[in-house]
Amino acid sequence: MLEIGSGELPYDEVRKIPVELKNILQNFFENEAMLSGKPAIEIFATPRRTVVFIKELPLKSPDRELEIVGPPVGISYHGSLPAPPLVQFMKKNGISDHNKIYVVHQKKGAYVACKKTIKGSPIKKLLTDNIPNIVKRTPFKKTMFWLNRETRFPRPVLWILSIFDGKTAPFDFGDVKASNLTRIKYGLSYKMKQVKISSSKDYFDVLSSNGIILRNADRKKFIENKLETLSKKINADIPEYDGDFIDEITGLTETPYALLCEFDKKFLSVPKELLSVVMRKHQRFFPLSSDGGLLPFFIAVADVNPVPALKDSLENNIKSGYSKVLTARLSDAEFFFKEDVKKRPSYFAEETKNILFYEGLGSYFDKTARIKKLGIFIAEKLKFSSGILNNFKKAYGLLKFDLATHAVFEFPEMQGVMGRIYAKAAKENSVVSLAIEEHYYPVSKGKKRLLPSNDLSALCALSDKLDSVFSFAMLKKLPTGESDPFYLRRAMIGIIEIILEKKYRFNISEIFDFYFNGFFKERNLNTAELKKILMNFADARFKNFLISSGYKSDEIMSVLSVEMSGNYYVSFLKIDFLSKFKLHEEIFELAQIFKRINNITYKYADIVNFDKDRLTAIEEIKLISIFKPAKKNSISLLEKSDFTAVMNEMYKLVRPVNDFFDNVMVLTEEEALKNSRIGLLNGILNFLKNFCDFSILDL
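So, how was this worked out
Residues numbered from 1 in each chain as written. Predicted model: local features only at pLDDT ≥ 70, side-chain atom pairs only at ≥ 80, totals over all residues. Heavy atoms only, no water. Buried < 20%, exposed > 50% of the residue type's maximum accessible area, 1.4 Å probe, protein only. Helix = DSSP H or I, 4+ residues; strand = E, 2+ residues; numbered from the N terminus. Contact = heavy atoms within 4.5 Å. Core = buried A, V, L, I, M, F, W, Y, C linked by side-chain atoms within 4.5 Å. Salt bridge = Lys/Arg side-chain N within 4 Å of Asp/Glu carboxyl O. Phe/Tyr/Trp six-rings, centres within 6.5 Å; stacked < 30°, edge-to-face > 60°. Polar contact = N/O pair within 3.5 Å; in protein donor to acceptor, adjacent residues only side chain to side chain. Domains from an automatic or database assignment. Pairing = 2+ DSSP bridges. Patch = residues over 30% accessible without salt bridge, like charges linked within 9 Å, V, L, I, M, F, W, Y side chains within 5 Å. Areas by Shrake-Rupley, 256 points an atom, 1.4 Å probe, with all protein chains shown as cover. Arc of directions from axis to C-beta. Axes fitted to C-alpha atoms, helices over the stretch in contact; angles between N-to-C directions. Parallel < 35°, antiparallel > 145°, perpendicular 65-115°, else oblique. Left-handed = near helix turned anticlockwise from the far one by under 90°. Nonpolar A, V, L, I, M, F, W, Y, C, P; charged D, E, K, R; others polar.

Hey, could you run me through helix 24 (residues 654-663) in this one?
Those residues of helix 24 not exposed but buried are Val654, Pro656, Val657, Phe660 and Phe661. The secondary structure elements touched by the buried residues of helix 24 are helix 21 (585-601), helix 22 (618-639), helix 23 (643-651) and helix 25 (671-689).

When you look at the nonpolar core in this model, what are you seeing that I'm missing?
If you look at the biggest cluster of nonpolar residues, it comprises 146 residues, and the most contacted ones within it are Ile499, Ile508 and Phe694. Considering every element that reaches this core, the biggest residue donor is helix 15 (residues 455-474), with 12 residues. Non-local contacts of phenylalanine 694, meaning those with residues more than four positions away in its chain, are made with Ile587, Leu590, Ala591, Phe594, Met647, Met650 and Leu688. Judged by nonpolar contacts, the second largest core, of 33 residues, contains Ile43, Ala45, Phe153 and Phe173.

Help me understand the pattern of salt bridges in this model?
Opposite charge on two side chains permits pairing when their charged atoms draw close. If you walk through the whole model with that rule in mind, you get 43 salt bridges. Within the structure, one salt-bridge network assembled from shared partners comprises Glu3, Glu8, Arg48, Arg49, Glu254 and Asp303.

Just checking my understanding: could you explain the packing of aromatic side chains for this structure?
Applying the stated criterion to the full structure yields 39 aromatic pairs. Look at phenylalanine 53 and phenylalanine 204: their rings are 5.2 Å apart centre to centre, the planes differ by 75 degrees, and that puts the pair in the edge-to-face class. On the criterion of sequence distance, the pair formed by phenylalanine 53 in strand 3 (residues 49-55) and phenylalanine 204 in helix 4 (residues 200-209) is long-range, its members being 151 residues apart. Under the relative-accessibility criterion, phenylalanine 53 is labelled buried at 13%. Ring geometry for phenylalanine 472 against phenylalanine 486: centres 4.3 Å apart, planes inclined by 15 degrees, an arrangement best described as stacked. Of this pair, phenylalanine 472 sits in helix 15 while phenylalanine 486 sits in the loop between helix 15 and helix 16 (488-502), and the two are 14 residues apart along the sequence.

Please explain the side chain of threonine 405 as it appears in this structure.
Position of threonine 405 among the secondary structure elements: in the loop between helix 11 (386-395) and helix 12 (406-410). Since its relative accessible area comes to 1%, threonine 405 is described here as buried. Engagement of the side chain of threonine 405 in a polar contact is seen with the backbone oxygen of aspartate 402, the distance being 2.6 Å. Leaving out residues up to four positions away in the same chain, threonine 405 has contacts with Asp340, Phe348 and Tyr422.

Sorry if this is basic, but what is going on with the domain arrangement of the protein chain here?
Interface extent is often summarised as the accessible area lost during association of the parts. Domain parsing of the protein chain yields domain 1 (2-60 + 122-209), domain 2 (64-118), domain 3 (216-337), domain 4 (346-571) and domain 5 (582-696). On a C-alpha basis, the centres of domain 1 and domain 4 stand 48 Å from each other.

Even after reading the chapter, I still don't get the environment of threonine 480, so can you show me in this structure?
Checked against the element boundaries, threonine 480 lands in the loop between helix 15 and helix 16. A residue is classified by how much of its surface remains accessible, and threonine 480, at 61% relative accessible area, is exposed. C-alpha of threonine 480 to C-alpha of phenylalanine 537: the two residues are 57 residues apart in sequence and 9.8 Å apart in space.

Quick question: what am I supposed to make of the pairing of strand 11 (residues 157-164) here?
When you tally the buried positions in strand 11, you get seven out of eight residues, the bulk of the element. By the bridge criterion, two bridges tie strand 11 to strand 12 (residues 167-168) in an arrangement that is antiparallel. Bridge pairing in strand 12 links phenylalanine 164 to lysine 167. As consecutive antiparallel partners, strand 11 and strand 12 are separated by two residues, and within that stretch aspartate 165 has a phi angle of approximately 55 degrees, a positive value.

Before we go on, may I ask you to explain a nonpolar patch on the surface in this structure?
Together, Leu583, Phe588 and Leu699 give the surface a local cluster of nonpolar side chains, amounting to about 320 Å² of exposed area. Among the structural elements, leucine 583 can be located in the loop between helix 20 (568-581) and helix 21.

What's the story with helix 2 (residues 84-92) in this structure? I'm lost.
An α-helical segment advances 3.6 residues per turn. Residues three or four places apart therefore align on the same side. By the burial criterion, the buried members of helix 2 are Leu86, Phe89 and Met90. For helix 2, the angular spread of buried residues about the axis comes to 95 degrees, placing them on one side. In helix 2, the exposed positions that point more than 90 degrees away from the buried face belong to Pro84, Gln88, Lys91 and Lys92. Buried residues along helix 2 sit in contact with strand 4 (64-72), strand 5 (77-78), strand 6 (81-82) and strand 8 (109-118).

Help me understand the packing of helix 22 against helix 24, please; the structure alone is not making it clear to me.
Two measures define how a pair of helices packs: the angle their axes make with one another and the distance between the axes. Between helix 22 and helix 24, whose axes approach to 9 Å, the crossing angle comes to 160 degrees. Taken together, the axis directions place helix 22 and helix 24 in an arrangement best described as roughly antiparallel. The interaxial crossing formed by helix 22 with helix 24 has left-handed handedness. Counted together, Glu619, Glu620, Leu623 and Ile626 of helix 22 and Pro656, Val657, Asp659, Phe660 and Asn663 of helix 24 form the full contact between these two elements. Of the residues that constitute the contact of helix 22 with helix 24, the class distribution is five nonpolar, one polar and three charged.

Explanation requested: the sheet that holds strand 4 in the structure shown.
Backbone hydrogen bonds are what pair the strands of a sheet, in a parallel or an antiparallel way. Taking strand neighbours across the sheet as the criterion, the three strands line up as 4-8-7 in an open arrangement whose pairing is antiparallel. In this open sheet, the two edge strands, each paired with only one partner strand, are strand 4 and strand 7 (102-106). Adjacent strand axes in the sheet meet at a mean angle of 45 degrees when their direction is disregarded. Two elements, strand 4 and strand 8, share seven bridges in a ladder whose sense is antiparallel. Residue pairing across strands places glutamate 65 opposite threonine 117, the latter belonging to strand 8. Of the strands in this sheet, strand 4 and strand 8 are in contact with helix 2, which crosses strand 4 at around 160 degrees.

Even after reading the chapter, I still don't get the sheet that holds strand 17 (residues 256-262), so can you show me in this structure?
Spatial ordering of the open sheet is given by 17-19-18, a layout of three strands whose pairing is antiparallel. Bordering the open sheet on either side are strand 17 and strand 18 (286-290), each of which pairs with just one other strand. The average undirected angle you get between the axes of adjacent strands in this sheet is 30 degrees. Both strand 18 and strand 19 (residues 293-303) contribute to a ladder of four bridges, which runs antiparallel. Pairing of phenylalanine 286 across the sheet is with isoleucine 299, part of strand 19. Relative to the sheet, helix 5 (residues 216-233) contacts strand 17, strand 18 and strand 19, its axis offset from that of strand 17 by approximately 25 degrees.

Help me out: how do you make sense of unusual backbone geometry in this one?
In this chain, tyrosine 441 is followed by proline 442 through a cis amide linkage whose omega measures 10 degrees. Here proline 442 is to be found in the loop between helix 14 (430-438) and strand 22 (443-445). Phi is positive for lysine 476, close to 60 degrees, though the residue is something other than glycine. Within the fold, lysine 476 resides in the loop between helix 15 and helix 16. In this structure, asparagine 524 takes a positive phi of about 50 degrees despite not being glycine. In this structure, asparagine 524 sits in the loop between helix 17 (508-518) and helix 18 (527-548). Taking relative accessible area as the criterion, asparagine 524 reaches 71% and is therefore assigned exposed.

Put into structure tokens, the structure is as follows:
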């Protein structure tokens, strides 16, 4: 039993420690302690303690026999007698009889070797010798040091409990000596009392009796049950929360104690979204509502285990403290809201001239000017109605106005939401007001993924995100590795989600050309290089998104390897079709003729024309007579994305192509005839590539 008590750990460390530390210990027992069986390892973490509980450990590690390789055979003997290098090797390994030496053959030649028995060590000693290093090897996100740089932990270590088979297993970690004592917090005080532990059962009983819930999943379930129980007391809806929020509350408490608290009803005049974010994001409280309206109640989860005799007074003190703290924050929110609504959105839109978007990219006012031109171009490509275009011309200038408001300055997570609220209060039409919020979509709320609800919102979202991706691509700041400080991966995935959800057909590459012809022309950019980098970035996001949605890599790459336009909805339809019909016989046979053609023509890819008059063999005439109408018919079918019909047209080529190869010599010595035959085959290959590269499919 090991317990590392520390200052309060960040909640993300509390969530990660059990997984990371368990992996390290399993590797230690298997590869360093060389145990034949796997001990049962349980690891728990709370804000104050990291607990390792290991059962089924032997008292001693097993003896093991090692093969030790010595010097090469060529320098180890004088005749049949050991030479000095071998004598030294035997002496070092405690071997007196050279007959115990044998030869092993390795890549570099023959070497002498011997067997040596390594005696097992007491497990208790192995643990106490290695636990400090095991703790140091745990990959924490951030660590602190308080004595020297070698002793590190996310927070300073205050005590260590270490018990092996009922007795203290001593070791040092920095200036802390392991003992048989744990510490328990009591009341609201930061003081902790020491409790002697004599066994694992004793330890778990002590923690349980003091309200400490070790397992993260159990704490989370306990909190969720309390939320439901307390909500029902006032007939409120069960609070909505996302996974990160409940995990954070779980990671901030080891003795969770949920309380139903109140705040002044006067604050209900402030928009519920603003009140909610103050409670959730800034105070870690759960807002309560009923039938969509916010109630003057909230649930707080304290980290306390009150003594029964003092429970009522302690509860009242905690509730009073929470209400006072929240009142101060809500008063700020109320003030900001009342000040903001005194001015029109157009006033704040003008103020965005003073808010820098990014050095070299101008202000947010400049960004909205680019969004306007970009949005009009996209709307024309998508043939949006004049009504949508007129609303867009009203909306674009208001998309970022709330960044200049007091409320969003203080609560940045409210951008978009406050814009919608303020625009609605200023009598803007509802679809424009909604677009101000939804142009930040897609977002995840609770367990839902929210996308723009209409074409205007989608147009605003696409224009905004494309401007961000394009402008940072221009600055050569697209993300590399894990770093993505400007959230450009998220923006690109959002673009892809909107395109697929709304079934929009346009080419990202065409939007790119328009953008760089319209903006930043004076910078003399190498747009061809930028475009290649950007399309690789966009395609990678598209591929990752589809793989996460269940599509196979070969299906995706067979389309993307020949589809360079960035028309992601059309590419998606092709990939989806392949996913469903990849194993059909028609696809298999098309893949075979694709590979057969490619094997002959890959050295002659630049020959794409043929002279019909030179191709007079029966098989050539038949192939041309089927190829030309199939190609013509497929043009309109591809535009309609009728891929079943396209496959049927392409499949007509299977037999004539095979007959052609069986009866016609392609690489004839007559140059003009050879080039015509290759040109015909390349024409068919490029025709098939209009759909995909069949050779990539895993069939």
